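Inside the fold
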Amino acid sequence: MQKLEMIYEGKAKKVYRTDNPDLFWVEYKDDATAFNGQKKGTIDNKGIVNNKVSALFFELLESKGIPTHFVKLVNDREMIVKALEIIKVEVVVRNIVAGSLAKRVGLPEGTILPKTVLEYYYKDDALGDPLINASHIAALDLATPEQMELIKETALQVNEIMRDYLAPANIDLIDYKLEFGVHKGEVILGDEISPDTCRFWDKTTKEKLDKDRFRRDLGNVEGAYQEVLRRLSLA
Ligand code: TMP
């Protein structure tokens, strides 16, 4: 397969066309941003960790019957994925209160939610990805009600699968963000699943093993990313 011209550069990834119109070539970068791009930096080898961790999760999910865009790894930083028409809704699933939910509802970080919380954000950088609900999604025609039903069910299935997989690695899945897209008429899971897009806490010490170390200047950012990859590679 041939890597052709770059068609998109995001904050953390570059996407290239290939000689197969059904497939894209994704390169994971070490660049890190937070707060909608206001904070910028680099996390050494982040691209390698996120590429490998995403591949591990996508393979796990595929093995449990969840369709994803993942096709194969090319090398440490690059993977081949199915070409998606991205649905402009970011889906956040929360098991434990952290981040923006702590601010929104006034509960301390670490509070266990008695029921899993599902949130939708409008994927629009210029607007700062605002929180939206199902009726906004319908009114803006971002996805059909049938697509949203499937997305919701899939996001909750992913939660069970990931929690079970992370438990033996002594990691709690606090929350995470998923993106979906349409490939040949089918809604499938896209983007990445990594320490950039999930909150992972050590079960015992509650140490943060994710991008919050960068967002909040907690130090040892690279070490935390490597630790997640190490624990998952052993799982
Ligand atoms: P939040 O608490 O800041 O709303 O984040 C919830 C989850 O979503 C957390 O695991 C980090 C992830 N996330 C992204 O992947 N991209 C983003 O732009 C934001 C704001 C959060």
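Shown above is the structure to which this text applies.
Just so you know, these numbers come straight off a predicted model, no measurement behind them.

**A word on the pattern of salt bridges**
What the rule picks out here adds up to 31 salt bridges. Residues K52 and D76 are paired through a salt bridge, measuring 3.5 Å at the closest nitrogen-oxygen approach. Placement of the pair is K52 in helix α1 (residues 46-63) and D76 in the loop between β6 (70-75) and β7 (78-82), with a sequence separation of 24 residues. Take K52: its relative accessible area is 29%, and that puts it in the partly exposed class. With its nearest N and O atoms 2.8 Å apart, the salt bridge here joins R216 to E109. Placement of the pair is R216 in the loop between α5 (212-215) and α6 (221-234) and E109 in the loop between α2 (99-105) and β9 (112-122), with a sequence separation of 107 residues. For E109, a relative accessible area of 32% puts it in the partly exposed group.

**Structural notes on the sheet that holds strand β2 (residues 13-18)**
Pairing in this open sheet of five strands is antiparallel, and the strands run β1-β2-β3-β7-β6 from one edge to the other. Sheet topology places β1 (3-9) and β6 at the edges, where each strand pairs with a single neighbour. Geometrically, the sheet is characterised by an average inter-axis angle of 30° between neighbouring strands, direction not taken into account. Inspection of the sheet shows β6 paired to β7 by four bridges, in the antiparallel sense. Each residue of the ladder has a partner; that of K72, found in β7, is I80. Against the sheet, α1 engages β3 (23-28), β6 and β7, with an angle of about 150° to β6.

**Considering the packing of α1 against α6**
Running from N to C, α1 and α6 point in directions that differ by 30°, and their axes come no closer than 10 Å. As judged from the angle between their axes, α1 and α6 are roughly parallel. For the crossing formed where α1 meets α6, the hand is left-handed. Contact residues: α1 offers K46, V49, N50, K52, V53, L56 and F57, while α6 offers Y225, Q226, V228, L229, L232 and S233.

**A look at the packing of aromatic side chains**
Summed over all chains, the structure comprises three aromatic pairs. When the ring of F57 is compared with that of F200, the centres are 6.3 Å apart and the planes differ by 25°; the resulting orientation is stacked. Remark: F200 occurs in strand β13 (residues 198-202) and F57 occurs in helix α1; sequence separation between them is 143 residues. A single burial state applies to F57 and to F200, both of which are buried. Between F58 and F70, the aromatic rings sit 6.2 Å apart at their centres with planes inclined by 20°, giving stacked as the arrangement. Residue F58 is located in helix α1, and its partner F70 is located in strand β6; the two are separated by 12 residues in the primary sequence. On the accessibility criterion, F58 (0% relative accessible area) is buried. Three or more aromatic residues link up through ring pairs in this structure, and these residues are F57, Y165 and F200. Taking NZ or CZ as reference, K39 lies 5.2 Å from the ring centre of F214, over its face.

**A few points about the site of the ligand**
For the ligand, the set of nearby residues contains 14 residues, the closest of which are R94, S100, D175, K177 and R199. The contact in question runs from an oxygen atom of the ligand to an N or O atom on the side chain of R94, over 2.9 Å. With respect to the ligand, the side chain of R199 contributes an N or O atom lying 2.9 Å from an oxygen atom. The protein chains hide 75% of the 450 Å² of surface that the ligand would expose on its own. Elements represented by at least two residues in the shell around the ligand include exactly β8 (85-96), α2, β11 (171-183) and β13. With three residues, β11 is the single largest residue contributor to the shell around the ligand. Across the shell around the ligand, the residue classes break down as five nonpolar, three polar and six charged.

Criteria and thresholds
Residues numbered from 1 in each chain as written. Predicted model: local features only at pLDDT ≥ 70, side-chain atom pairs only at ≥ 80, totals over all residues. Heavy atoms only, no water. Salt bridge = Lys/Arg side-chain N within 4 Å of Asp/Glu carboxyl O. Helix = DSSP H or I, 4+ residues; strand = E, 2+ residues; numbered from the N terminus. Buried < 20%, exposed > 50% of the residue type's maximum accessible area, 1.4 Å probe, protein only. Pairing = 2+ DSSP bridges. Axes fitted to C-alpha atoms, helices over the stretch in contact; angles between N-to-C directions. Contact = heavy atoms within 4.5 Å. Parallel < 35°, antiparallel > 145°, perpendicular 65-115°, else oblique. Left-handed = near helix turned anticlockwise from the far one by under 90°. Phe/Tyr/Trp six-rings, centres within 6.5 Å; stacked < 30°, edge-to-face > 60°. Lys NZ or Arg CZ within 6 Å of the ring centre and 35° of its normal. Near = heavy atom within 4 Å. Polar contact = N/O pair within 3.5 Å; in protein donor to acceptor, adjacent residues only side chain to side chain. Areas by Shrake-Rupley, 256 points an atom, 1.4 Å probe, with all protein chains shown as cover. Nonpolar A, V, L, I, M, F, W, Y, C, P; charged D, E, K, R; others polar.

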